Amino acid sequence: MGQTVLLTGGAGYIGSHTFVALRAAGHDAVVLDNFSNARADVPDRLEVITGAPVRVYRGDVRDGALLARIFAENAIGAVIHFAALKAAGESVEKPLDYMDVNLGGLTALLKAMREAGCFRLVFSSSATVYGTPEVLPVPETAPRGYANPYGFTKLACEQILEQVGASDPRWAIATLRYFNPVGAHSSALIGEDPQDFPNNLVPFVAEVALGKRAALNVFGDDWATRDGTGVRDYIHVEDLARGHVMSLGHLVETGQSHTVNLGTGRGYSVLEMLAAYGRAVGRDLPHVIAPRRPGDVAEVVADPSKAAALLGFRAERGVDEMCASSWAFVSRRRNG
Ligand code: NAD
Ligand code: UD1
């Protein structure tokens, strides 16, 4: 049966794609976002894609009074909690901001949910909780750690959820560990749209393709990988969004909490991704070899088998589709 789902951070990159996937699956969704990292026109674009009005509450997820109003005004059956600060490098400079928004946001939300009698939650975690993985591909049972305050907040949120879940059997909590989400919606109307410096690989490569930056700085070519550059498990954001719908379905059907990796199980190097983006654009994109980035690791690839067995989730789209959809989005955005 269709649920009304509250999406905190629903105007952001992953939240907006999940909004579309939920509607396509027969659910409805309400967005809470403070637009600190989202464009003001995302709700209009979601209306165009889904063909129905979008209900948006503009405000902070730490605002308990606002959360109470949202639960009072809507029959919310579940929450997907995307709202967070997510730049690992920035978190080293501003750890308190990350603790305030990421930990304070989660606890405010959990309190409001309990008050409202809503106990189904899907949480955005990250492969960052694996730190430097010892076993590849990484299973969910791998030891957890963190390398920066952002990673600390994701690990702490997981632990908060474990303790809250254990305190009351009514809670049904999904912890989804995303690997590297990239790409954009097939409409080219929504996608990843960094409000400031593009820290992650694909947004930076997109700016090289647009001519906004001269060349990609490849952070090290002396890693112990097949071509010496870092290897990651890139997952198309539309596949990732579908994973949320399947996880929600599992929560509703079984009431069972679960923690799963959302990745493809295949790794691509920086140079392989650059080549894939070049194929999407139709020309080779320039790069220079730069020093390693502090805190980086050689290789992170998901073991996706638990998500397949438990949820029936398998990523379907490959790197060419990821890069082509990113390019379609950023080139359309450049042209207004
Ligand atoms: P995003 O920044 O595009 O989306 C987050 C949204 O939350 C934004 O729209 C922002 O305006 C909103 N927001 C931030 N602080 C808020 C607050 N205090 N109150 C209300 N809204 C607030 O990021 P994303 O890539 O869509 O990430 C979503 C979630 O997934 C985050 O929790 C992030 O940590 C996690 N995650 C992302 C990645 C990734 O590579 N994108 C990887 C792993 C995990
Ligand atoms: C980053 C975050 C991590 C977060 C993850 C998913 C850091 C240190 N880590 O990790 O916390 O969970 O994104 O959002 O920011 N690269 C370049 N040049 C660039 C940018 C990246 O060579 O300009 C390389 C990196 O060294 C890495 C790969 O590209 O090998 C992917 O980098 P990135 O997109 O930043 O993702 P992660 O390193 O996985």
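Let me sum up the structure you'll find in this document. (Residues numbered from 1 in each chain as written. Chains lettered and ligands numbered in written order. Predicted model: local features only at pLDDT ≥ 70, side-chain atom pairs only at ≥ 80, totals over all residues. Heavy atoms only, no water.)

A word on the site of ligand 2
For step 1, the next point in the chain: With respect to spatial proximity, 19 residues lie near ligand 2, and among them L201, N217, R232, R293 and D296 are the closest.
For step 2, the next point in the chain: Residue N200 places a side-chain N or O atom 2.9 Å away from an oxygen atom belonging to ligand 2.
For step 3, the next point in the chain: Here an oxygen atom of ligand 2 sits 2.7 Å away from a polar atom, N or O, in the side chain of R232.
For step 4, the next point in the chain: Taking 740 Å² as the accessible area of ligand 2 by itself, protein coverage stands at 87%.
For step 5, the next point in the chain: When contributions to the shell around ligand 2 are tallied by element, the ones reaching two or more residues are helix 7 (201-209) and strand 8 (216-219).
For step 6, the next point in the chain: Ranked by residue count, the leading element in the shell around ligand 2 is strand 8, at 4 residues. (Near = heavy atom within 4 Å. Polar contact = N/O pair within 3.5 Å; in protein donor to acceptor, adjacent residues only side chain to side chain. Areas by Shrake-Rupley, 256 points an atom, 1.4 Å probe, with all protein chains shown as cover. Helix = DSSP H or I, 4+ residues; strand = E, 2+ residues; numbered from the N terminus.)

Some points on the nonpolar core
For step 1, the next point in the chain: Ranked by internal contacts, the top residues of the largest apolar core, which has 37 residues, are L7, L22 and L262.
For step 2, the next point in the chain: With sequence-adjacent residues up to four places away left out, L7 is seen in contact with G15, F19, L22, A29, V30, V31, L32, I80 and F82.
For step 3, the next point in the chain: Counting 28 residues, the second-largest nonpolar core is a separate cluster that includes L6, L32, I70 and L106. (Core = buried A, V, L, I, M, F, W, Y, C linked by side-chain atoms within 4.5 Å. Buried < 20%, exposed > 50% of the residue type's maximum accessible area, 1.4 Å probe, protein only. Contact = heavy atoms within 4.5 Å.)

Concerning the sheet that holds strand 11 (residues 258-262)
For step 1, the next point in the chain: Here 7 strands make up an open sheet; going across it, the order is 3-2-1-4-5-6-11 and the pairing parallel. Because the sheet does not close on itself, it has two edges, and the strands there are strand 3 (55-58) and strand 11. Each adjacent strand pair in this sheet contributes to an overall mean axis angle of 20°, direction not counted.
For step 2, the next point in the chain: This element, helix 6 (residues 149-167), spans strand 5 (120-126) and strand 6 (172-178) of the sheet and lies at about 155° to strand 5. (Pairing = 2+ DSSP bridges. Axes fitted to C-alpha atoms, helices over the stretch in contact; angles between N-to-C directions.)

Brief notes about the site of ligand 1
For step 1, the next point in the chain: What surrounds ligand 1 is a group of 27 residues, the closest being I14, D33, N37, K86 and Y150.
For step 2, the next point in the chain: A total of 820 Å² of accessible area belongs to ligand 1 in isolation, and the protein chains cover 95% of it.
For step 3, the next point in the chain: Of all the elements in the fold, those that place two or more residues in the shell around ligand 1 are helix 1 (13-24), strand 5 and helix 6.
For step 4, the next point in the chain: Here the shell around ligand 1 takes 3 residues from strand 5, the largest share from any one element.

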